[in-house]
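Architecture and fold: a report
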Amino acid sequence: MLAALLVMAVGALVLGAALGYASVRFKVEGDPLVEKIDAILPQTQCGQCGYPGCKPYAQAVAKGEADINQCPPGGEEGIRKLADLLGREFKPLSAEHGVEKPKSVAVIDENLCIGCTLCIQACPVDAIVGAAKQMHTVVSAQCTGCELCLPPCPVDCIVMQPVGEDVENWKWKYPVFTLHRRAG
Amino acid sequence: MLNNSPFFRQPASVRSVMLRTLAALLPGIAGYVWFFGPAVLVQLALASATALAAEALMLRVRGRPVWLFLSDGSVLVTAWLIALTFPPIVPWWLIVAATAFAVVVAKHLYGGLGQNPFNPAMVAFCVMIVAYPQLMSQWPAVGFTDFAAQMQMVFGERRIDAVVMATPLDFLRTQLHTEEARETVSAILGAGATFGNIGGKGWEWIAGGYLLGGLWLVQQRIITWHIPAAFLATLVVVSGLAQFADASRYAGPLFHTLTGGAMLGAFFIATDPVSGATTPRGKLIFAAGIALLTWVIRTFGAYPDGIAFATLLMNICVPLIDMWTQPPVFGHKKGGPP
Amino acid sequence: MLQKLFRFHGGVKPAYHKEPSIREPIGAVPMPGELVIPLHQSIGGPPHPLVKAGERVLKGQPIGAPDGNVSSSVHASTSGRVKAVEMRLAPHSSGLAALSVVLEPDGLDEWIERRPVPWRDLPSSGVRDALRDAGVVGLGGAVFPSHLKVNPGKDGKLDTLVINGAECEPFITCDDAQMRERGERIVRGAAILGDLTRAERILIGIEDNKPEAVAAMERYAAAVGDPRIRIVAVPTRYPAGGAKQLIRVLTGIEVPHGQRSTDYGVQCFNTGTSLAVFEALELGQPLISRIVTVAGNVARPRNYEVPFGTPMRHVIDLCGALPDTDRVIMGGPMMGYLMPADTVPVVKATNCILVGSARLFPPPPPEMPCIRCGECAKACPADLQPFELYWFAKAKIFGKAQEYKLFDCIECGCCAYVCPSRIPLVDYYRFAKSEIWAREREKSAADEARERYEFRLHREEREKQEKAAKLAAKAAATREKLAAAKEGDAAPAPGAPSAEEAKKALIAAALEKAKAQKAAVGTPANTDHLTPDQQAQVAEIEARRAHLKEVAQSVRPKDDE
């Protein structure tokens, strides 16, 4: 009886020491979960999720304050990845936060632009160049398609244009075959 | 819609692979009929008909093109393996139930051809030997080839005890294991084991038939040498070592390789590509594992043969074996330049 | 001494069909009425157009400037007038258009001035620039810019330079024809490449199903008399002409995917590239045409020298397409790409125009489930497990596919060729690869967006702090002045302004400043000295803006509803 107790006690001590050592030795700085969630988010910084940017949303998800289905640009695939990462059940995109749209970029109609700089201030990634009373233009390579520049524009000269397919970014399609072609 | 490259292909098909596999079974079947009578042909027909019906039903239920998939012949291979591993005088309903179980549960419920992790024929064998150990252990005595009597056992109710006996493997096991009869292997099997009576009368001829068909499959490049070679080599080594340790308790390599389902297992069961290992090294490990387990079950277990259980046990290990034995990719081999 | 040869794993032996197209010598193509020269014909950045519609260009004149160093020039294939620089259907499976220079030949075929490059006296960077500006790219089909490959590697020398004349794809004989007829230039080009890469030996590998080419090349090599050069016949087995496979066969070295072969002491060029290098450096001729095999479902298969931009149909018409023709393939039957139409132009990557029909290339029987038979693994020249890649690609588990080395796949088609289940395996790999590339593009775009967003937050924070600091400093200064004034009040110094006055002065100064700022904004600097014309234009624009503003404002409330 005593021997058994001793064995258990020694075992507990050894394991406890090992765990304690491990927690010191392998201490992780920062909050890797937030980083991991942030890495999945599309970084459009559009705020459709109800948070001021992707990072704040990631923090909210990590804390359990926000659900995983509030990011329309990330789409269904993004939700799946978040569900995988957090070990949660997949759920469809929440309708109140928006719908999944094809990737678009903002284009300023330069004939209409009055040079008010409001869109420049709204752009979360500084992808609009221009100055007061000068025409503005969107650097399309850096535009995330967040649409945050649309509402501030007083003359509605910004439109979202879907990114077209060209020879460079064309993708091979998933092979689809008609199983029933020669069936029967 | 036109397809993409490559625009031409070798004239190979799943059907041709399966049909040649069936053809390779014929020499073994011939020996079977010679020694155990034509009942096995009836069982083959029963199993084939059941398998085709079950396959057609499942394909229809699953919304697959029935004729296209039915004609690939894969289900016939399963059916024939069932008929050849079961005793030829089991009642008809046993074969029908076993085949239906193999096709419906072990094959289609796992996703159909190419998706089943377990060899369907062996699943059926294991299920039936657990459910009906008595019926699954009764073989016709060698030379008892009276078709009418055999049919009476297959389709009738009556079991004729006089013409029923255990397989040599089963007989050896029960003789060695019963407490009162402590006999030696040579005494049980007959002292001067000559060819024709090594694996039990008739068995080695059937094994020879399977060997012949199997070698033809290797020559046809349908199976590679890895699995049969590793299987037989392991069985020989293990049984040889055991015999060397205690010849009175353990039967030797010749007996083990030429009796029961060893040859069928080596060339036709373990080589099932769907449920087996696929890498060259993986095949060696996989087959060696089956052989080792087979010997263990035959020697220490409570079942007449161990091939089926051994195969299923190794089927479980296939994903791991394959993962660990991935051959090095071009340019990523060890010992190359930097 | 007999060359020791090595084996590569796998491979297949399809029917070769090479003989029909090699009976006749290389033919010339009459100039078509219109050349459509796509600007992006090589790996790397798309070149920028150098010409405008209406311009006259000379044969060999650059029409596309390389976009950075990983790119290559494009030249006019003949003299004529530029009709347009516009999007035209590209010779690409996507069926999409690409920016092309449309040229109307004037029939004079007038060359620009051609000057041989003094490559022996130039530094290696100069030679590389010359090759880039001559538009020399790999003509085996990969069109990788050659100038990026002519360097001796990290050891400063190469063990072996491989010249690839294996040409393993069925139907294609353009390298064969070129070796027979223009072998001397190939050999001389090989010698130049050998000098540039400082190679110790140069092995020209040719599949042994081309004995005439081997014999011809041996003759030319003997005539040139370079002791480094040796012609080696290699066993015929597809894909022996893959660069990695040929390097393996000739040297035993396996170059892993994504690594520079020069780091392993080898480099590989196609025979056609070798010839192009010779012509670019010794003759000063840029790459404006290539040898193209026209084969398959045609009455008279043959090799032609085709200027880039020639519509494929123009060349096919010379060979007489049979009536049941249903497709045009660029490349061979194993790796070629289906063309969206027969009007697409011949480009640098076009080694073969394969005319197809349902009789020649019957549609594949229906796809069956994979039975893991392992035939594909036996046939894979990259030692991959194609069926595993297939599972992962099919299930879209791309991470796993990459783990199983999807990108080591050279898309040679051997696996699909042998598959008894007739699964279009390569289609799955192409799909998976382009999905992975798209994801990587998305990922890098997201990373950039994150960086820019964080920088913006940082900048806003900084600006806020700066503003606060400025305000604080200003407030402090004001307080100081006030304090000083108070002190003056307590002990009034003669002539010192009172506190009241100081405050007033400050406000006045601020007003002045604001006025000046307003004035400055009101008249932008670049509108000071305008011609009346410009002023009129400005006025017009202002009027339009005012109008639009009104319109917009009248429309806006409706939008908001």
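1. Here's the deal with the overall build of chain B
Helix and strand content of chain B: 16 helices and 2 strands. Across the 338 residues in chain B, those meeting the buried criterion constitute 50%. Nonlocal contacts in chain B, meaning residues at least 24 apart in sequence, comprise 74% of its contacts between residues at least 6 apart.

2. Notes on the sheet that holds strand 11 (residues 229–234) of chain C
Residues and elements named next belong to chain C. As summarised here, the arrangement of the 4 strands in space is 11-10-9-12, forming an open sheet in which the pairing is parallel. The sheet is open, and its two edges are formed by strand 11 and strand 12 (266–270), each paired on a single side. Between one strand axis and the next, the sheet turns by 25° as a mean value, whatever way the strands run. Against the sheet, helix 3 (residues 211–224) contacts strand 10 (199–207) and strand 11, and its axis sits at roughly 170° relative to strand 11.

3. Things to note about helix 3 (residues 54–63) of chain A
Residue and element names in this part refer to chain A. Of all the residues in helix 3, the buried ones are Cys 54, Lys 55, Tyr 57, Ala 58 and Val 61. One face of helix 3 carries all of its buried residues, which in axial projection span an arc of 160°. Where helix 3 is buried, its residues touch helix 2 (32–40). Remark: Gly 64 follows helix 3 within two positions and exhibits a positive phi of approximately 85°.

4. Focus on helix 2 (residues 39–61) of chain B
Residue and element names in this part refer to chain B. Taking 1.5 Å per residue, 23 residues should reach 33 Å; helix 2 reaches 33 Å between its end C-alpha atoms and fits that length. Regarding helix 2, the residues found buried are Ala 39, Val 40, Gln 43, Leu 44, Leu 46, Ala 47, Thr 50, Ala 51, Ala 54, Glu 55, Met 58 and Leu 59. Downstream of helix 2 by one or two residues, Gly 63 has phi in the positive range, about 70°.

5. Topic: the environment of Met 160 of chain A
Residue and element names in this part refer to chain A. Residue position: Met 160 is located in strand 4 (residues 158–162). Taking the C-alpha atoms as reference points, Met 160 and Val 107, separated by 53 residues in sequence, lie 6.1 Å from one another. With residues near it in sequence (within four places) discarded, Met 160 still touches Ser 104, Ala 106, Gly 145 and Glu 147.

6. Focus on the interface of chain C and chain B
The interface is formed by 46 residues belonging to chain C together with 32 residues belonging to chain B. Put simply, the parts of the chain that give the side of chain C that touches chain B at least two residues each are strand 15 (325–330), strand 16 (337–338), helix 10 (414–418) and helix 11 (425–490) of chain C. Counting residues per element, the side of chain C that touches chain B draws most heavily on helix 10 of chain C, which supplies 3 residues. Class assignment for the residues of the side of chain C that touches chain B results in 29 nonpolar, 7 polar and 10 charged.

7. With respect to the domain arrangement of chain B
Residues and elements named next belong to chain B. Once the domains are mapped, chain B shows domain 1 (13–165) and domain 2 (167–323). For domain 1 versus domain 2, the separation of C-alpha centres amounts to 21 Å. In this assembly, 28 residues from domain 1 lie in contact with 30 residues from domain 2. Listing elements by their share of the side of domain 1 that touches domain 2, those giving two or more residues are helix 1 (14–36), helix 4 (74–85) and helix 6 (120–131). It is helix 1 that provides the largest number of residues to the side of domain 1 that touches domain 2, a total of 12 residues.

8. Focus: the domain arrangement of chain C
Residue and element names in this part refer to chain C. Partitioning chain C into structural domains gives domain 1 (19–330) and domain 2 (372–520). Put simply, the middle of domain 1 and the middle of domain 2, counted by C-alpha atoms, are 41 Å apart. Counting residues at the interface gives 5 residues for domain 1 and 6 residues for domain 2. Counted by class, the side of domain 1 that touches domain 2 contains 2 nonpolar, 3 polar and no charged residues.

9. Describing the packing of helix 2 of chain B against helix 4 of chain B
All names here are of chain B. Between helix 2 and helix 4, the shortest axis-to-axis distance is 8 Å and the interhelical angle comes to 145°. The two elements helix 2 and helix 4 cross, and the hand of that crossing is right-handed. Residues Val 40, Gln 43, Leu 44, Ala 47, Ser 48, Ala 51, Leu 52 and Glu 55 of helix 2 touch helix 4, and the partners they reach there are Val 75, Leu 76, Thr 78, Ala 79, Trp 80, Ile 82 and Ala 83. Classifying every residue of the contact of helix 2 with helix 4 by side-chain character gives 11 nonpolar, 3 polar and 1 charged.

10. Topic: unusual backbone geometry
With omega at -5°, the peptide bond leading from Ser 5 of chain B into Pro 6 of chain B counts as cis. Mapped onto the fold, Pro 6 of chain B is located in the segment before helix 1. With an omega dihedral of -5°, the bond running from Tyr 238 of chain C to Pro 239 of chain C counts as a cis peptide bond. Within the element layout of this structure, Pro 239 of chain C appears in the loop between strand 11 and helix 4 (243–251). The phi angle at Glu 411 of chain C is positive, at roughly 55°, despite the residue not being glycine.

11. Description of the environment of Val 96 of chain B
Residues and elements named next belong to chain B. Relative to the elements of secondary structure, Val 96 occurs in helix 5 (residues 92–108). Residues Val 96 and Phe 330 lie 234 residues apart in sequence; the distance between their C-alpha atoms is 48 Å. Contact partners of Val 96, with chain neighbours within four places excluded, come to Leu 46 and Thr 50.

12. A look at the interface of chain C and chain A
Contacts between the two partners involve 28 residues from chain C, matched on the other side by 31 residues from chain A. For the side of chain C that touches chain A, the secondary-structure elements that each account for two or more residues are helix 11 and helix 13 (532–560) of chain C.

13. A short note on the sheet that holds strand 1 (residues 27–28) of chain C
Taken together, 6 strands build an open sheet; the order of strands is 1-14-13-17-15-16 (chain C) and the sheet is mixed. Looking at which strands have only one partner, the edges of the open sheet turn out to be strand 1 and strand 16 of chain C.

14. Some remarks on the pairing of strand 2 (residues 35–38) of chain C
As a general feature of sheets, a regular strand has side chains that alternate between the two faces. All names here are of chain C. Burial along strand 2 is two-sided: the residues Leu 35 and Ile 37 and Val 36 and Pro 38 are all buried. Two strands pair when backbone bridges link them, and strand 2 and strand 8 (residues 97–105) are joined in this way by 4 bridges, in the antiparallel orientation. What sits directly across from Pro 38, in strand 8, is Ser 100.

15. Some words on the pairing of strand 7 (residues 80–89) of chain C
For strand 4 (residues 56–57) of chain C and strand 7 of chain C, the ladder comprises 2 bridges, and the chain directions are antiparallel. Paired with Val 57 of chain C across the bridge in strand 7 of chain C is Gly 80 of chain C.

Basis of the calculations
As a convention, each chain's residues are numbered from 1 in the sequence order in which they are written. Ligands are numbered from 1 and chains lettered from A, in the order in which they are written. In keeping with the model being predicted, local features are shown solely for residues with a pLDDT of at least 70 and side-chain atom pairs are shown and tallied solely at 80 or more, while totals for entire chains, interfaces and linings include all residues. Counting from the N terminus, the helices are the DSSP runs of H or I reaching at least four residues and the strands are the DSSP runs of E reaching at least two. Here the C-beta atoms are placed from the backbone, and a residue counts as buried if at least 20 other C-beta atoms lie within 10 Å of its own, exposed if 12 or fewer do, and partly exposed otherwise. C-beta atoms are first placed from the backbone for all residues, and any pair lying within 7 Å is then listed as a contact. The rule for pairing is simple: two strands pair if DSSP sees at least two bridges between them. Each axis is a line fitted through C-alpha atoms, taken for helices only over the stretch in contact, and angles between the N-to-C directions span 0 to 180 degrees. Each direction from the helix axis to a C-beta atom contributes to the arc, which is the arc of those directions. Take the residue count of a helix, subtract one, and multiply by 1.5 Å to get its expected span. Ten residue types, Ala, Val, Leu, Ile, Met, Phe, Trp, Tyr, Cys and Pro, are classed as nonpolar, four, Asp, Glu, Lys and Arg, as charged, and the remainder, Gly among them, as polar. Domain limits in this description derive from either an automatic procedure or a database domain assignment. Each crossing is labelled by how the near helix is turned from the far one, with a counterclockwise turn of less than a right angle marking it left-handed and a clockwise turn marking it right-handed.

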